[in-house]
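If you want the building blocks of each chain, they are given just below.
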Amino acid sequence: MQNEATAVSKTDFSHVESKRDHTPAPLPDLEAERRLVRKLDRTVLPWIMALYLLSYLDRSNIGNARNIGLATDLGLSSSMYQLASAAFYIGTVLFGTIGGLMLKVVKPSHWLGTCAIGWGAVSTLQAACTNPSGLVVVRLFIGIFEASFAPGCALYLSFWYLKSELSLRIAAYAGMSAVSGIISGLISYGFGSAKGMAIAPWQALFIAEGLPTFVMGFITLWVLPGRPESGRHHWFTEEEHQIILSRRNRFTRNEDSGISMAQVKGAFRDYRLYLFVLIYSGLSLSLAVSSIFLPTIVGLLGYTSVQANIMTVPVYATAYCCLVIVAWLSDKTRMRGIPIMLGGTISGLGYILLGVVSDNRARYAFCFLSVTGCYMAFPIVLTWIASTFAGDTKAGVGIGIVIAVTHAIGVAASNIYPTSDEPRYLMGNAVSSSLTFLTAIAALVMSICLYRENRARDRRFGRPELGIPIDMGGDADRSPDYRYDI
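Residues numbered from 1 in each chain as written. Predicted model: local features only at pLDDT ≥ 70, side-chain atom pairs only at ≥ 80, totals over all residues. Heavy atoms only, no water.

1. Digging into the overall build of the chain
Okay, step 1: For the chain, the count of helices and strands is 20 helices and two strands.
Okay, step 2: Out of the 486 residues in the chain, the part that is buried amounts to 59%.
Okay, step 3: For the chain, restricting intrachain contacts to residue pairs at least 6 apart in sequence, the fraction spanning at least 24 positions comes to 83%.
Okay, step 4: Of the accessible surface of the chain, which amounts to about 18,200 Å², a share of 65% is contributed by carbon and sulfur atoms. (Helix = DSSP H or I, 4+ residues; strand = E, 2+ residues; numbered from the N terminus. Buried < 20%, exposed > 50% of the residue type's maximum accessible area, 1.4 Å probe, protein only. Contact = heavy atoms within 4.5 Å. Areas by Shrake-Rupley, 256 points an atom, 1.4 Å probe, with all protein chains shown as cover.)

Structure below.
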């Protein structure tokens, strides 16, 4: 078995052995670097967090709007609600693959800002819908504009942070999806309880959550920094900019040279791309279920429609706290597979118990399991993709493909929880639990594969020297000195 692994390793890497660069990277000023990271945490990261928060508010508020009059006013049947929910994911599937790549050819502030302007405007227009068909069309366009945003966020943060710092930062912005559930629940509760409004509560909800995104998008066009290699941004001093470039090339050499077609081909030929699709599928389904159907599920536990919105807040708050803690531990230990396995298992158990237990108080507790397990795992998957597919182009393709393909699962989420299955939703909970367990199994397989790959490279080339930058080029993570997080 060992000889076989060595033979495979030689076949894989003999053509790149000559590319090894043994020029040590200059030693960094650790205190100056710590100050820079803190500055990034005060500038770049909060901006991405705010945009992602707004994106999730606008994509998921249809669930809360349904509870405060949307279905009644538009004559929205269960099947049309499922279609409107699915329309968003159809849009993301069609256009989601280009998000990360566009950051290589378009200034990030322009691309991300334009996406925000588009979905903010369309989200606000949901308030003008007068029939179910109009709502379906609007939701489709929200999906189109948001499709390129989520993959772009993970790749954009990888421009500024080291691999050992990335999981916590991706968790910080991805966790805004949980915070959006808290905020949207509170806002919808306020509008649902208000009396004497000039417009319907659900219309006020769409306007209140859509307009801020539109404004934020315009500001992003001028505020957000571009790629570090493209020049110094006014947020940073010349010294800070040089540290940023040093960090960017400390372990991997990146160039601001557009899209590498070799890395694009390498991504599609890499079996790990398809294994990541399996890992993310169950989490994508769970995210869709929580955003679209959690208020409805909670409402069936004995709460009124308005109360159901406020009762989702503790669920999302717990999910966010667990997400941040697990991401921090993942960065400290550089372990990715174990927390994903744990999250998938917890979420799967939650869905099983939601389907088989009849006591309402117990079922509300199981909502915490199903949502928290999902949220504690999915940001780490995005980090794992970015670090496994080294090289900006390959990482952009990998993240884009994984998110786009697994968003197709969101279409299924819109159809596996029909009202005819109330209150236990046996079919939906069975499918959700199966896919989240698949997440855990696929993460275990990925960890084993990457561990064996690291061992094979150690035997073939020896352990890589610390501080030696790796030329990404067309080979990306196939460089003999590159080692994977497991």
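2. A short note on the packing of helix 17 (residues 337-356) against helix 18 (residues 360-388)
Packed helix pairs are specified by the crossing angle of their axes together with the interaxial distance, meaning the distance between the axes.
Okay, step 1: Running from amino to carboxyl end, helix 17 crosses helix 18 at an angle of 155°, the nearest separation of the two axes being 7 Å. As the angle between them shows, helix 17 and helix 18 are arranged roughly antiparallel. For the element pair helix 17 and helix 18, the recorded crossing hand is left-handed. In this structure, helix 17 uses Gly337, Pro339, Ile340, Leu342, Gly343, Gly344, Ile346, Ser347, Gly350, Tyr351, Leu353 and Leu354 to contact helix 18, whose residues at the interface are Arg363, Phe366, Cys367, Leu369, Ser370, Gly373, Cys374, Met376, Ala377, Ile380, Val381 and Trp384. (Axes fitted to C-alpha atoms, helices over the stretch in contact; angles between N-to-C directions. Parallel < 35°, antiparallel > 145°, perpendicular 65-115°, else oblique. Left-handed = near helix turned anticlockwise from the far one by under 90°.)

3. Quick word on unusual backbone geometry
Okay, step 1: Its identity as a non-glycine residue notwithstanding, arginine 334 has a phi of 55°, on the positive side.
Okay, step 2: Given the relative accessible area of 30%, arginine 334 is considered partly exposed.
Okay, step 3: For tyrosine 425, which is not glycine, the phi dihedral falls at a positive 50°.
Okay, step 4: A residue is classified by how much of its surface remains accessible, and tyrosine 425, at 2% relative accessible area, is buried.

4. Section: helix 2 (residues 30-42)
Okay, step 1: In this model, helix 2 (13 residues) spans 18 Å end to end at C-alpha, consistent with the 18 Å of a helix rising 1.5 Å per residue.
Okay, step 2: Contacts from the buried residues of helix 2 go to helix 3 (44-74), helix 9 (163-174) and helix 12 (238-248). (Expected span 1.5 Å × (residues − 1).)

5. Topic: a nonpolar patch on the surface
Okay, step 1: Together, Ile90, Leu94, Phe95 and Ile98 make up a nonpolar patch on the protein surface, roughly 340 Å² of accessible area in all.
Okay, step 2: Structurally, isoleucine 98 can be placed in the loop between helix 4 (78-95) and helix 5 (99-105).
Okay, step 3: For isoleucine 98, a relative accessible area of 34% translates into the label partly exposed. (Patch = residues over 30% accessible without salt bridge, like charges linked within 9 Å, V, L, I, M, F, W, Y side chains within 5 Å. Salt bridge = Lys/Arg side-chain N within 4 Å of Asp/Glu carboxyl O.)

6. A short note on the pattern of salt bridges
Okay, step 1: Applying the stated criterion to the full structure yields 17 salt bridges.
Okay, step 2: Between arginine 334 and aspartate 485 there is a salt bridge, with its nearest N and O atoms 2.9 Å apart. Separated by 151 residues along the polypeptide, arginine 334 in the loop between helix 16 (313-333) and helix 17 and aspartate 485 in the segment after strand 2 (470-471) bring together distant segments of the chain.
Okay, step 3: Since its relative accessible area comes to 5%, aspartate 485 is described here as buried.

7. Regarding helix 3
Okay, step 1: The largest bend in helix 3 amounts to roughly 85° and is located at arginine 66.
Okay, step 2: Taking burial as the measure, the 31 residues of helix 3 include 27 buried ones, the bulk of the element.
Okay, step 3: Glycine 75 sits one or two residues past helix 3 and shows a positive phi near 65°. (Bend = angle between axes of the 7 residues up to and from the residue.)

8. A short note on the confidence of the model for the chain
The predicted structure's coordinates, where accompanied by low pLDDT, should not be read in detail.
Okay, step 1: On average, the chain scores 84 in pLDDT, and the residues at 70 or more come to 89%.
Okay, step 2: Confidence drops under pLDDT 50 across residues 1-22; counting only partners more than four residues distant or on other chains, this segment forms 32 contacts. (pLDDT = per-residue confidence, 0-100.)

9. Some details on the packing of aromatic side chains
Okay, step 1: The full count for this structure, using the stated rule, is 17 aromatic pairs.
Okay, step 2: Relative to phenylalanine 378, the ring of tyrosine 375 lies with its centre 5.7 Å away and its plane at 75°, an arrangement referred to as edge-to-face. A residue pair is termed a helical-turn pair when its members lie 3 or 4 positions apart in one helix, as tyrosine 375 and phenylalanine 378 do in helix 18 at three residues. The burial state of tyrosine 375 is the same as that of phenylalanine 378; both residues are buried.
Okay, step 3: Aromatic pair tyrosine 417 and tyrosine 425: ring centres 5.2 Å apart, planes at 55°, arrangement tilted.
Okay, step 4: Judged by its relative accessible area of 1%, tyrosine 417 falls in the buried class. (Phe/Tyr/Trp six-rings, centres within 6.5 Å; stacked < 30°, edge-to-face > 60°.)

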